[in-house]
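Summary of the model geometry
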Amino acid sequence: MTRQVLLFICLLSVGAVFGQVSYTIPEEMAKGSLVGNIVQDLGLQTKRLVSGKARIYTRDSEEYIELNRERGVLLVKERIDREALCRRTTPCALHFQIILENPMEFYSVTVQITDINDNKPTFEKNEMKFKISESAVIGAKFVLERAVDLDVGVNDLKSYELKPTDNFALKLRNNADGNKNVEMVLQKPLDREKEEQISLVLTAVDGGEPQMSGTMLIVITVLDVNDNAPVFTQPTYKATVHENSPKGTVVSTVSASDADQGSNGKITYSITNTLDDIREVFEVNEENGDVTLIGNIDFEDSRNYQINLLASDEGGLTDSCKLIVDVHDVNDNKPAIDIMSKSTVISEDAKLNTVVTMINIEDKDSGENGNVKCVISEYVPFTLKTSTNNFYSLVTDSDLDRETASEYNITVTCSDEGVPSLSSSVTLTLQISDVNDNAPVFERSSYEAYIIENNTPGLSIFTVKARDADWNQNALVSYMLEDSSVNGVPVSSYVSVSADSGVIHAVRSFDYEQIKDFHFRVKAQDGGSPPLSSNVTVKVMIQDQNDNPPQVLYPVQTGGSLVAEMVPRSADVGYLVTKVVAVDVDSGQNAWLSYKLQKATDRALFEVGLQNGEIRTIRQVTDKDAVKQRLTVIVEDNGQPSRSATVIVNVAVADSFPEVLSEFTDFTQDKEYNDNLTFYLVLALAVVSFLFITCLVVIISVKIYRWRQSRVLCHSNLPVIPYYPPRYSDTLGTGTLQHVYNYEVCRTTDSRKSDCKFGIAGSQNVLIMDPSSTGTMQRIQSEKSILDEPDSPPEQKPPNNDWRFTQGPRPGPSGATGGPEVAMGTGPWPQPPTEAEQLQALMAAANEVSEATATLGPGTMGLSTRYSPQFTLQHVPDYRQNVYIPGSTATLTSNPQQQQQQATAQQAAQQALPPPQVSAQPEPPKAAQTPASKKKSTKKEKK
């Protein structure tokens, strides 16, 4: 076996490697026979064939050659018969391609099939008969049927032999097409009388090794004389016919003539082609020589035909000619598009010039009808590149983006240049696989959400939404909170976000008064690898809810004191009494406050400003109006539903302080008791009880001790010197207020509940401030005198009219100034003291009350003070210089001239003081009760 290898390798711009290799093998090789080592000849590696899924591509349905990837060789797959494959065509070759993938490569392979002498020459007929006239002249030629040998080359037909050769000799004549016409030539005349029928054997011998031959029997019947043979007008005829011409088309007409007459001159035409399919396509009219078309002709199958024609007369004389028919091509074939290899999926990040599909184009027409051009659809990121003749590669020419187009339907259209032009097309569907190249994008650049305060934890606030242009897992978006803090607290303690849906929930209940809004960031992340993400700012604004009632700032409501505003009876219409000040910690219309007068002692006297809370008089104050006015003001906000708070404003309609004191003794203090105060109240009661018992024991002990001392002094003959506490000195009856009188003063925060009383001399006097703050001052006088003061005068000087209780500038919103003077200590006195003396006693008690009040603390306004048995005001500090009485709106002032006169009188009285005597002093008459003391006594009697 002879094998020739020819390898061509060329590197193309598209990146695929193409090569060509040729092999030569004889026909009729056994299956599995080695054709060639394709790996060695192409310079490849065996593993490349396996990884590239090497395969043989051929346009024919039958495959005679197969590829062994593991060995890298080409093997015979089916028995190859060169005569069946190529007939008379030489050289005979198989053409196919070897396709490799990843990357795509293809190589052209040509396997030439050489002939072997496996066919002997054959004749179409086993016997050929001739009728030859005996008058046939020497040299007459008789055309014999040619033998056919399917082999070619040296194995083809080589020679003929004719036996016996007594009358005839064999003559071969070469034609222009290379074939030989076999003629039998008469060498000596025939004699019918000697031999009526002659049998000859024609043997055809080929040139193969071993030599093979075929025979045909020639039977000659000797006839009577017919000495003229038919003669064609020309030895060769030519004609042209278009392919696809209809049947019955007359291709050409041949003509022959015979010099004989009669039956010997009648010519009959016939076609002598035997092996080819000429008789199936053409026929000749036996009488007139018209050659007509009886079959279909196709330029792609055969471009020309050679018809051998025979003209014979009845005498057996013949002549031959040939008709050459050229087939004219017609554009009747569309370009055939064949997909050699293609990819159905390509990644969107594929590089430029990536080969997607390899296409083979074939048009069976010739000339311009066979010139083909291919184009693809517009507006696709692909292009067609020509690699070799009739081979195209579809490659990428721009970047791919699956989000713009996830699928391409690429139509490849191929058209020839014929008239009219024929075209064919094929549509390639190419899927673009996704790459995670897009981050999630939120629907908005930022979000704002609103939620009403006092929400339920877990309440859904709103939803953030992000979309990812990628596909499948790359487009799966999950949400999460970015780490941040709100007022130092992690944002996760305020809100949470659903990873799948993006729904934001409130983790806690919000309070608008504590936080009004806050910011945080939500991150959206896809499921790609590596993942891509984006974030967005979310602002949550808390909406106010009317959940806080108004709070009253002024007047302050306390449980242990009572505040009253004074309005003089001379107040005009619109007089500003006070102003209720309230605030609401809510916002917006929930904090808009309005003031209304809910209840009042006299609604026709006061009004409240709806917006400013100012309490003003709406008419002139008269003497008939009650001193004690109680106003209940309700403060409402503008929320839905509205919330409110109430405040009680006590107003005193009076021009003088004593009138205020007497009227406001009936007010009870509002107290709020809580359950947790019970323990402290019980404990306080126990402590007070213990202190009371202790003090009581101490007081009794002191009294017993003093009684014993007085008894000793009473039974002795020594003079008795009255005892005066260091704080007080005896005025010897010359002062304004003598020391033998008992002064009882009670001061409370309610100025109308204060009172001053004067008792008789020679008794033990006690000043008591009622702890309950509900009673007036009471005078306690013992029935018997423990210590007698003989020098005490029996009568008391009348009061001095220089001291007055005036209403001056006072604190508070009323702003009233001035008023009529009101004298203190009215009522019958046995020996009426002066007004200055009454005020001196009152101011001394007020000083003690103030000191006690500061010691006890806020809310405790009751005080009990016991003074020494003999009480004078000699060393009492002068409180007459602009004294302010706590709990009232009055200020006490004094006349400087009156003070000087009183000081002079006191010094004169001290100089004229007689020596003390140990004698019992008669009990002076009791001082007359004041209106306030009468009222207190009445209450005690009722109790």
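Reading the values: rules and limits
- Residues numbered from 1 in each chain as written.
- Predicted model: local features only at pLDDT ≥ 70, side-chain atom pairs only at ≥ 80, totals over all residues.
- Heavy atoms only, no water.
- Helix = DSSP H or I, 4+ residues; strand = E, 2+ residues; numbered from the N terminus.
- Buried < 20%, exposed > 50% of the residue type's maximum accessible area, 1.4 Å probe, protein only.
- Contact = heavy atoms within 4.5 Å.
- Areas by Shrake-Rupley, 256 points an atom, 1.4 Å probe, with all protein chains shown as cover.
- Pairing = 2+ DSSP bridges.
- Axes fitted to C-alpha atoms, helices over the stretch in contact; angles between N-to-C directions.
- Phe/Tyr/Trp six-rings, centres within 6.5 Å; stacked < 30°, edge-to-face > 60°.
- Patch = residues over 30% accessible without salt bridge, like charges linked within 9 Å, V, L, I, M, F, W, Y side chains within 5 Å.
- Salt bridge = Lys/Arg side-chain N within 4 Å of Asp/Glu carboxyl O.
- Disulfide = S-S within 2.5 Å.

On to the overall build of the protein. Summing up its helical and strand segments, the protein has nine helices and 56 strands in all. When the 943 residues of the protein are sorted by exposure, 44% land in the buried category. For the protein, the share of sequence-separated contacts (at least 6 apart) that also reach a separation of at least 24 residues comes to 68%. Here the protein displays about 48,800 Å² of accessible surface, and carbon together with sulfur accounts for 51% of that area.

This part is about the sheet that holds strand β34 (residues 446-452). Think of a sheet as strands paired side by side through backbone hydrogen bonds, with each pair either parallel or antiparallel. Here four strands make up an open sheet; going across it, the order is β34-β43-β42-β37 and the pairing mixed. With partners counted over all chains shown, the strands left at the sheet margins are β34 and β37 (478-481), one partner each. Neighbouring strand axes in the sheet, compared pairwise and without regard to direction, differ in orientation by 30° on average. Of the strand pairs in this sheet, β34 and strand β43 (residues 533-543) are connected by seven bridges, and their pairing is parallel. Paired with I451 across the two strands is I542, which belongs to β43.

Attention shifts here to the packing of aromatic side chains. We describe a pair of aromatic rings using the distance from one ring centre to the other and the angle between the two ring planes. A full pass over the atoms with the stated rule returns 15 aromatic pairs. Arranged with centres 6.2 Å apart and planes meeting at 10°, the rings of Y494 and F510 form a pair that is stacked. One end of the pair, Y494, is in the loop between β39 (489-490) and β40 (495-497); the other, F510, is in the loop between β41 (503-506) and β42 (517-525), and 16 residues separate them in sequence. A relative accessible area of 6% places Y494 in the buried class. By relative accessible area, F510 is classed as buried at 1%.

Another aspect to go through is unusual backbone geometry. Of note, the amide linkage connecting N102 to P103 takes the cis form, showing an omega dihedral of 0°. Mapped onto the elements, P103 comes out in the loop between β7 (92-100) and β8 (105-114). A cis amide bond links K163 to the next residue, P164, at an omega of -15°. In this structure, P164 sits in the loop between β11 (157-163) and β12 (168-174). With a phi angle near 55°, N102 is a residue other than glycine that sits in the positive phi range. Mapped onto the elements, N102 comes out in the loop between β7 and β8. The class of N102 is exposed, set by a relative accessible area of 64%. Phi angles above zero are rare outside glycine, and N454 is one such case at about 65°. Mapping N454 onto the fold places it in the loop between β34 and β35 (460-463).

On the surface, L677, F679, Y680, L681, L683, V687, F690 and L691 cluster together into a nonpolar patch covering about 830 Å² of accessible area. Relative to the helices and strands, Y680 resides in helix α6 (residues 678-714). Looking at Y680, the relative accessible area reads 53%, which means it is exposed.

With that settled, consider the sheet that holds strand β30 (residues 391-396). Spatial strand order, β25-β27-β30-β29: four strands in an open sheet with antiparallel pairing. Strands at the two margins of the open sheet, each flanked by one partner only, are β25 (336-342) and β29 (382-388). Neighbour-to-neighbour, the strand axes of the sheet open up by a mean angle of 30°, direction not taken into account. Across six bridges, the pairing between β25 and strand β27 (residues 355-362) is antiparallel. Its bridge partner lying in β27, D338 is registered against N360.

The next thing to look at is the state of the cysteines. Tallied over the entire structure, the rule returns two disulfides. Paired by a disulfide, C86 and C92 hold their sulfur atoms 1.7 Å apart. Measuring handedness by torsion sign, the sulfur bridge of C86 and C92 sits at about 65° and is right-handed. A relative accessible area of 2% means that C92 is categorised as buried. What pairs with C374 in a disulfide is C414, and their sulfur atoms sit 2.1 Å apart. Disulfide C374 to C414: torsion about the S-S bond roughly 105°, handedness right-handed. Taken together, the residues span a long stretch of sequence, with C374 in strand β28 (residues 372-376) and C414 in strand β31 (residues 407-416) at a distance of 40 residues.

For the rest of this paragraph, the subject is the pairing of strand β6 (residues 73-76). Both faces of the sheet carry side chains from a regular strand, because those side chains alternate between them. Covered by surrounding structure in β6 are V73 and L75 together with L74 and V76, the residues of both alternating faces. Pairing geometry for strand β3 (residues 34-37) and β6, over three bridges, is antiparallel. Residue pairing across strands places G36 opposite L74, the latter belonging to β6.

Our focus in this paragraph is the pattern of salt bridges. Here the structure, examined in full by the defined rule, presents 15 salt bridges. Taking the shortest distance from any N to any O, the salt bridge between E105 and R48 comes out at 3.5 Å. Of this pair, E105 sits in strand β8 while R48 is found in helix α2 (residues 46-51), placing the two residues 57 residues apart along the sequence. The same class applies to E105 as to R48, namely buried. Between E63 and K77 there is a salt bridge, with its nearest N and O atoms 3.7 Å apart. Of the two residues, E63 sits in the loop between β4 (55-57) and β5 (65-68) while K77 sits in the loop between β6 and α3 (82-86), which places them 14 residues apart along the sequence. Relative accessible area serves as the criterion here: at 30%, E63 is assigned to the partly exposed category. By sharing partners, the salt bridges in this structure join R82, E83 and D115 into a single network.

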